[in-house]
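Architecture at a glance
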Amino acid sequence: MDVEEFLKRDVNRRQFLDRSARNAAGMAAGVVGLASNMALADSAPNERVVLAGIGMRGQGKFLTSSMASFPDVQIKTICDVDEAVLPAAVKSIEKEQGTAPGFVSDFRKVLDDPEIDGVVIATPDHWHALMAIMACQAGKDVYVEKPVSHNLNEGIKIIEAARKYQRVVQSGIHQRSGAHFQSAVEFVQSGKLGEVKLAKAWIIHRRKSIGKKKNTAVPPGVNYDLWLGPAASRPFNPNRFHYNWHWFWDYGTGEMGNWGVHMLDIARWGLGVDLPERISASGGNYFFNDDQETPDTQVVQYHYPGKTLVWEHRLWSVHGMEGRNAAAAFYGDKGTLVVDRGGWKVYDQKDAATSGTSDQATTHHRNFIDCIKTRNKPTSDIEIGHVSSALCHLGNVAYRAGQEIEFDPQQNRVIGNEQAQVFLGREYRSKWELPQI
């Protein structure tokens, strides 16, 4: 039985009526919300949405080029501290929209431009929160890549800013927009798997060693001081710069924040949980002997009342779990469902349901644009992005603390462990502290 048949036959009349009622209520609420937002001078952009991209290497180029392909979007400006990324980014965007965007190296010039409705942030993790908050304060809507923050405290502040300044903030957890991920979660929560008390998520793949490199002069055309931003001052090192910044605590969040946020988001969504009460982690740099600080091997257990969520990554192996390299699995007493970007399948059931893949990224980007116009909450609203990012942060906190930690989800604090509590935030260079909201 494929997913379409399942949805037609087994979602049943009660769920259909419930969904219809919720949709009707949502439409009514949307009309009221739109009417109230019309009173805001900066909340009703023109028919064409004008955007700027901040951070324009691989992911930033992809995001802005994707949105530039929409006929009602213009990428007016792109921004990066490295002038070397300009030619490829301009070419990619111009190919989609027919005109070349302008270029600036300081993102504050983007925020000062009254013609720009929203920003697309694809910088290193340590800049996500500051830029997102400052953009909200400047009246811009925000698409911020995953993880939405560098640490848990920052994510809370982005939510505060988004709500206070009434901004649309879409997190880059694009799998939420995939129809097959949605149907997988619906199947898990339908009771067809029975009692689901355990979910797992993982990424198993082979990365290359980054080696060991010496400090060098800052490359021409790079504003390195602005790249560092809130992070501590230190000499330029190419291993801590483009992409490899992921593996250093000052700038990145390791593989948990890189891949983990995607699959953990699906796992916690299906399991129906938010932040845990206890977190334990183990692992280390077992395989690579290089400059990396974040672990190449990590296993995290998140403990909830009556439920457990487990994360695992191995960056030196090609043999995945459940036959898949990056996935989430839900284990019930009547069956198991495994889902990845290629589709989902139920095991241990006769005539088991399956689904193929679905579009995720383009649908997700389109949702952001539509929400800028309607003022509705996006599919991966900042609260969703924060909770899933916070799971990654808490896994890293437990790993760095070297022991199991207790966490109070209501107070957003670690209980009885001052060292672990420190890892929920960070120290900022004085000129780049988190803005007051």
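Residues numbered from 1 in each chain as written. Predicted model: local features only at pLDDT ≥ 70, side-chain atom pairs only at ≥ 80, totals over all residues. Heavy atoms only, no water.

Digging into the nonpolar core
Buried together is how nonpolar side chains tend to be arranged in soluble globular proteins. Among the nonpolar cores identified, the biggest contains 51 residues, and L264, Y302, L309, W311, F330, L337 and V339 are the most heavily contacted of them. Among the elements that make up this core, the one with the highest residue count is helix α12 (residues 382-401) (nine residues). Those residues in contact with L309 that sit more than four places away from it in its chain are A199, K200, L264, A267, R268, L271, V300, Q301, Y302, Y304 and L391. In this structure, C79, V119, M134 and I158 belong to the second largest nonpolar core, which totals 44 residues. (Core = buried A, V, L, I, M, F, W, Y, C linked by side-chain atoms within 4.5 Å. Buried < 20%, exposed > 50% of the residue type's maximum accessible area, 1.4 Å probe, protein only. Helix = DSSP H or I, 4+ residues; strand = E, 2+ residues; numbered from the N terminus. Contact = heavy atoms within 4.5 Å.)

A closer look at helix α6 (residues 125-137)
Counting buried residues along α6, 12 of its 13 residues qualify, which places the element largely inside the surrounding structure. Inspection of α6 places D125, H126, W127, H128, A129, L130, M131, A132, I133, M134, A135 and C136 among the buried residues, and these make up the whole buried set. Just downstream of α6, G139 is the residue with a positive phi angle, here 85°.

Describing the pairing of strand β11 (residues 326-332)
Across the seven residues that make up β11, a large majority, five, are buried. Of the strand pairs in this sheet, strand β7 (residues 196-204) and β11 are connected by seven bridges, and their pairing is antiparallel. Within the sheet, the bridge partner assigned to A199 lies in β11 and is F330. Strand direction decides the pairing type here: β11 and strand β12 (residues 335-340), joined by five bridges, are antiparallel. Across the sheet, the residue bridging to A328 is V339, located in β12. Here β11 hands over to β12 after two residues, the two strands then running antiparallel side by side. (Pairing = 2+ DSSP bridges.)

Some points on helix α4 (residues 86-97)
In an α-helix there are 3.6 residues to a turn, and that puts residues three or four apart on one side. Its 12 residues give α4 an end-to-end C-alpha distance of 16 Å, which sits within 8% of 16 Å, the value for a rise of 1.5 Å per residue. Along α4, the residues that are buried comprise A89, V90, I93 and Q97. Mapping the buried residues of α4 onto a view down its axis gives an arc of 95°, with all of them on the same face. Residues of α4 that are exposed and angled more than 90 degrees away from the buried face: P87, K91 and K95. In the core, the buried residues of α4 are packed alongside α3 (58-68) and β2 (73-79). The positive-phi residue at the C-terminal boundary of α4 is G98, with phi of around 85°. (Expected span 1.5 Å × (residues − 1). Arc of directions from axis to C-beta.)

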